[in-house]
Amino acid sequence: MKRAFGDLEEAQLIELARRFAPALRGGGIVHLSGELGAGKTTFARALLQALGVGERVKSPTYSLIESYRLGELDVHHLDLYRLADPGELEWLGLGDLWEGGALVLIEWPERGAGELPAPDLLLRLEHAGMRRRLDVVAVSPRASEWLAAWQALSAGPGRLGTSPEQ
């Protein structure tokens, strides 16, 4: 299942992340792909704040990972942009992160190809002039359920430029 959100201003991208956050309270693996400045960190930051991260949400570009405990949910936000080789992930011992029902947000997942778990959800962001386009692809059955719950975004007041695709 796929959903496309086009012609998004930054505020709309943030609102999408906030509206989607409740679906992720059960954990899962989310890959965020897109070129520099496409909005990956903006989306992740808004999602984390909506989940209840009260502290400043830092980009993990230099630290590689930022972790949060939200009640019973462990959340890990990774940015693999600075990773030189996917094999580095093994040396960092990150394999335990995606076990046990944690929510793991991974920016630049292509840099960890072959060493990362398959995503439940793939978010692809791209520039569309001064705006952005977001493609959301459910890879797992549970992500398909998340997207089905997200269908309300395309109807009624507050509609955010969606187009459903199967």
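Analysis parameters
Residues numbered from 1 in each chain as written. Predicted model: local features only at pLDDT ≥ 70, side-chain atom pairs only at ≥ 80, totals over all residues. Heavy atoms only, no water. Buried < 20%, exposed > 50% of the residue type's maximum accessible area, 1.4 Å probe, protein only. Helix = DSSP H or I, 4+ residues; strand = E, 2+ residues; numbered from the N terminus. Pairing = 2+ DSSP bridges. Salt bridge = Lys/Arg side-chain N within 4 Å of Asp/Glu carboxyl O. Core = buried A, V, L, I, M, F, W, Y, C linked by side-chain atoms within 4.5 Å. Contact = heavy atoms within 4.5 Å. Arc of directions from axis to C-beta. Phe/Tyr/Trp six-rings, centres within 6.5 Å; stacked < 30°, edge-to-face > 60°. Patch = residues over 30% accessible without salt bridge, like charges linked within 9 Å, V, L, I, M, F, W, Y side chains within 5 Å. Areas by Shrake-Rupley, 256 points an atom, 1.4 Å probe, with all protein chains shown as cover. Lys, Arg positive; Asp, Glu negative; His and termini not counted. Charge placed at Lys NZ, Arg CZ, Asp CG, Glu CD. Polar contact = N/O pair within 3.5 Å; in protein donor to acceptor, adjacent residues only side chain to side chain.

Asker: Any chance you could explain the pairing of strand β5 (residues 103-107) here in plain terms?
Answerer: If a strand is regular, its side chains alternate between the two faces of the sheet. For β5, a buried count of five out of five residues is recorded, marking the element as mostly surrounded by other parts of the structure. Where burial is concerned, the two faces of β5 agree: the one with Leu-103, Leu-105 and Glu-107 and the one with Val-104 and Ile-106 are both buried. Note: strand β2 (residues 28-33) against β5, five bridges, orientation parallel. Residue pairing across strands places His-31 opposite Ile-106, the latter belonging to β5.

Asker: Even after reading the chapter, I still don't get the pattern of salt bridges, so can you show me in this structure?
Answerer: Opposite charge on two side chains permits pairing when their charged atoms draw close. Per the stated rule, a full pass over the model turns up six salt bridges. A salt bridge links Glu-15 to Arg-19, with the nearest nitrogen and oxygen atoms 3.0 Å apart. Of this pair, Glu-15 and Arg-19 both sit in helix α1 (residues 10-20), separated by four residues, roughly a single helical turn.

Asker: I would appreciate a short explanation of the nonpolar core in the present structure.
Answerer: One recurring pattern in soluble globular proteins is that nonpolar side chains are buried together. Of all hydrophobic cores here, the largest spans 36 residues; its most connected members are Phe-43, Leu-47, Leu-103, Leu-121 and Leu-134. Every residue in contact with Leu-103, bar those within four places of it in the chain, is listed here: Leu-24, Gly-27, Gly-28, Val-30, Leu-47, Leu-51, Leu-73, Asp-74, Val-75 and His-76. The next biggest cluster of nonpolar side chains, apart from the first, holds 14 residues, and it includes Leu-80, Leu-89, Leu-94 and Leu-116.

Asker: Honestly, helix α4 (residues 141-149) in this entry has me stumped. Any pointers?
Answerer: Helical periodicity: at 3.6 residues per turn, an α-helix aligns residues three or four positions apart in one direction. The set of residues buried in α4 consists of Ala-143, Trp-146 and Leu-147. Viewed along the axis of α4, the buried residues span an arc of 95°, placing them on a single side of the element. Opposite the buried face of α4, by more than 90 degrees, sit the exposed residues Pro-141, Glu-145 and Ala-149.

Asker: Would you mind going over the packing of aromatic side chains with me for this structure?
Answerer: The geometry of an aromatic ring pair is captured by the separation of the ring centres together with the interplanar angle, meaning the angle of the planes. One pass over the structure, following the stated rule, counts two aromatic pairs. Here the aromatic rings of Phe-20 and Trp-146 are separated by 6.3 Å at their centres, their planes lie at 80°, and the arrangement is edge-to-face. Of this pair, Phe-20 sits in helix α1 while Trp-146 sits in helix α4, placing them 126 residues apart in sequence. Taking relative accessible area as the criterion, Phe-20 reaches 1% and is therefore assigned buried.

Asker: Looking at this structure, how should I read unusual backbone geometry?
Answerer: Only a minority of non-glycine residues have a phi that is not negative, and only a minority of peptide bonds are not trans. The backbone of Asp-7 sits at a positive phi, close to 60°, despite the residue not being glycine. You can see Asp-7 is positioned in strand β1 (residues 2-8). Even without being glycine, Trp-108 reaches a positive phi, approximately 60°. Its location among the elements puts Trp-108 in the loop between β5 and β6 (121-128).

Asker: What should I look at first to understand a negative patch on the surface in this one?
Answerer: Together, Asp-85, Glu-88, Glu-90 and Glu-115 line one region of the surface with negative charge. With respect to the helices, strands and loops of the structure, Asp-85 is situated in the loop between β4 (73-79) and α3 (88-92).

Asker: Looking at this structure, how should I read the side chain of His-31?
Answerer: By secondary structure assignment, the location of His-31 is in strand β2. Given the relative accessible area of 9%, His-31 is considered buried. Within the structure, His-31 has its side chain in polar contact with the backbone oxygen of Pro-117 (distance 3.4 Å). For His-31, the residues in contact, after removing those within four places along its chain, are Ile-106, Pro-109, Leu-116, Pro-117, Pro-119, Leu-121, Leu-122 and Leu-123.

Asker: Before we go on, may I ask you to explain the environment of Leu-13 in this structure?
Answerer: Among the structural elements, Leu-13 can be located in helix α1. Taking the C-alpha atoms as reference points, Leu-13 and Leu-125, separated by 112 residues in sequence, lie 9.9 Å from one another.

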